[in-house]
Every structure is written in structure tokens, then in C-alpha cells.
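Inside the fold
Here is how the chains run, residue by residue.
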Amino acid sequence: MSDSTGKRLLIAYAHPDDESFGSGGLIAKYVAEGAQVGYICATNGDMGTIPASMREQYNTVSEVRLAELQCATEVLGLDPVVCFGYKDSGMMNSASNQDPECLWYGWQNQPDVLIKRIVQVIRDFRPHVIVTFNRYGGYGHPDHIAIQQATTQAFSLAGDSGYQLDGTQPYAPQKLYYASIPGRLLKLYLRWMTLRGHDIRHMGVNKDLNYQAVIDNLEPIHTMIDVGVYFEVWDRAADCHVSQGRGRSSGTRGYLASLPKPLRRLVSGQYGLTRIFPQPPQDRVDEHDIFAGVR
Ligand SMILES: [Zn+2]
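Residues numbered from 1 in each chain as written. Predicted model: local features only at pLDDT ≥ 70, side-chain atom pairs only at ≥ 80, totals over all residues.

**A word on the packing of helix α4 (residues 111-125) against helix α6 (residues 142-157)**
Packing of α4 against α6 brings their axes to within 9 Å, and their N-to-C directions diverge by 55°. Regarding the angle of α4 to α6, the classification is oblique. As α4 runs across α6, the sense of the crossing is right-handed. Across the interface between the two elements, P111, L114, I115, I118, V119 and I122 from α4 touch A150, T151, Q153, A154 and L157 from α6. A per-class count over the contact of α4 with α6 returns 9 nonpolar, 2 polar and no charged. (Axes fitted to C-alpha atoms, helices over the stretch in contact; angles between N-to-C directions. Helix = DSSP H or I, 4+ residues; strand = E, 2+ residues; numbered from the N terminus. Parallel < 35°, antiparallel > 145°, perpendicular 65-115°, else oblique. Left-handed = near helix turned anticlockwise from the far one by under 90°. Contact = placed C-beta atoms within 7 Å. Nonpolar A, V, L, I, M, F, W, Y, C, P; charged D, E, K, R; others polar.)

**A word on the confidence of the model for the protein**
Here the protein averages 91 in pLDDT, and 95% of its residues register 70 or above. Confidence drops under pLDDT 50 across residues 247-253; counting only partners more than four residues distant or on other chains, this segment forms 23 contacts. (pLDDT = per-residue confidence, 0-100.)

**Points about the sheet that holds strand β7 (residues 270-277)**
Spatially, 7 strands are ordered β3-β2-β1-β4-β5-β7-β6 in an open sheet, and the strand pairing comes out mixed. Edge strands, defined here as strands with exactly one partner in the open sheet, are β3 (81-86) and β6 (223-226). Taken over all neighbouring pairs, the strand axes of this sheet differ in orientation by 25° on average, direction set aside. Its contacts with the sheet put helix α1 (residues 18-32) on β1 (8-13), β2 (36-43), β5 (175-179), β6 and β7, and the angle it makes with β1 is roughly 180°. Of the strands in this sheet, β1, β2, β4 (129-132), β5 and β7 are in contact with α6, which crosses β4 at around 155°. (Pairing = 2+ DSSP bridges.)

**Topic: unusual backbone geometry**
At the junction of D79 and P80, the peptide bond is cis and its omega measures out at 0° in the coordinates. If you trace the backbone, P80 turns up in the loop between α2 (61-76) and β3. At the junction of F277 and P278, the peptide bond is cis and its omega measures out at -10° in the coordinates. Relative to the elements of secondary structure, P278 occurs in the segment after β7.

Put into C-alpha cells, the structure is as follows:
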């Protein structure tokens, strides 16, 4: 086991639930090993649908989603959590993309604002390592793509003394990763779904998930992290997001959570990442710790 004490990891995603469904095992592992793990949550997740029974308890969908994030924050031990408060943009090409308060619109029209906010978090929290989505935003969600692009630029700018931001000092994080998903397993699952008559280009509750595109946009994995003993915390964090049905419709974890535990450990006990910086000499798995080589 690596000694991560004193190390800092920043996860930059888009929605209240991305941290748990996608990376709950990774976060649980590093918090357990003594690292400090911070989370940027760019939107309030207010395009998510919630069960009618929850609408009586809360005034808005945002309130529900942020309360669920608070629950997951406590379970996982995230600190700090910084919410930017953008509106959820909905899926690509939906009318909600044009809402001036949504993340996608903000990123298209005022990219400097988003980059500055991320640089601010990086310079304040001083993470050694940053993780965000891959270039396709996992499954093509515009908010995922926006935070991935902005975080990638902020990663470089944070250490640039020419990039001035009041009250901050330049700080260069040492490593940048894009989160991946177990491609081989996903392909097996999709073959099974195809056999059962599903159209894998139109999946999910709203039929707007194209899993063929997810596979076409997978990036090479350079880093494999063993998270197989952290399912219990991972599940408890995912359970916080009651309104999202524990991720049944939400990417990787949806089909993983339904597997029997021994099988699940076998197929999702390893968490894969694409290393963007420093650039790997070749595309193969060459490390098993996100903090490897960190000074
Ligand atoms: Zn998301």
C-alpha cells in the first residue's frame, strides 16, 4: 500500500453524483490512506429528474442534489468541496444548452470565468494530482466536456506566473489524469444488451445515452488502481444519491452495482486512468498509484 499521507488530490467533475458513481472507490481508497481529496462540482445537477415523493421535502431539484452531495461528502471524507453553482446543461443539443446560467453556455461564451474559478481552487488547495473526465466527457455529456476542457487549461495556467489572480500565488500541480472506465467489461455488457434486443446507441431512461460512442471514445489506460476493498464505502456514497436511483441510468456504476460482489470485485476492482501529464512514453499500464513519482 502506498503512503499517501500529506498528499492532495483534486477531482473536477460536473454533477452532484459524478464523484460517487464514477470515482467513489478511488476517493475512498486515497482518503483511507491519508490523502486529502478535494472536489469541484461545477453544476447543481438541476436537470436530473427526482421522484415525486421528494418534491414535497425540498423546494428545488438543486436543493435535493446538493443535499445528496453533502451526504456523499461525509461518507467519502471529501474536503474541500467547491460548488460553482452553474445550472445543469442537460444532454448535448437539448434546448437547455442555451440557458445563459448553464455550464455549457458559460463555457462557450465566457470560458475565462470557468478557467479562473478552477485556477483559484488549484492555487488555494494546492493538489499534487488532478483527475477530470476524458475528452468525450465519459458519455458525451456537455457539462462533463466543459469541465474536462476547462480543467485541462487550468492545470497548465495555475503554475504560470504570468496568469495573475488576486490573492493567489502560482502553483503547479504535478500530474493530470482523465478517468476511464473498464472498456473490456463495458463491451461484454453491451454485447449482452444487444443480444437482449437493446439498441446500445439509445440507452438510459431518456434513450439519450450512446454506448457505442462511449467505446469509440475510450482513451488508453496508463494507471490501474486497486479499489476492490472499498466497495462498502463506495456503495454507501452512491446510496446518498437517492434521487438518481443509485446511478442505475448513470454510466459505469449502473451495471456494476447490480453484479454479485465476487464478480464485481473481479471486473471493477481495478480503476483505470489515462495519464495526460506527465505524458507516458508509451500507451501501456505503467503505474498503480496516482501519486507515483510525486515529490
Ligand atoms: Zn455527470
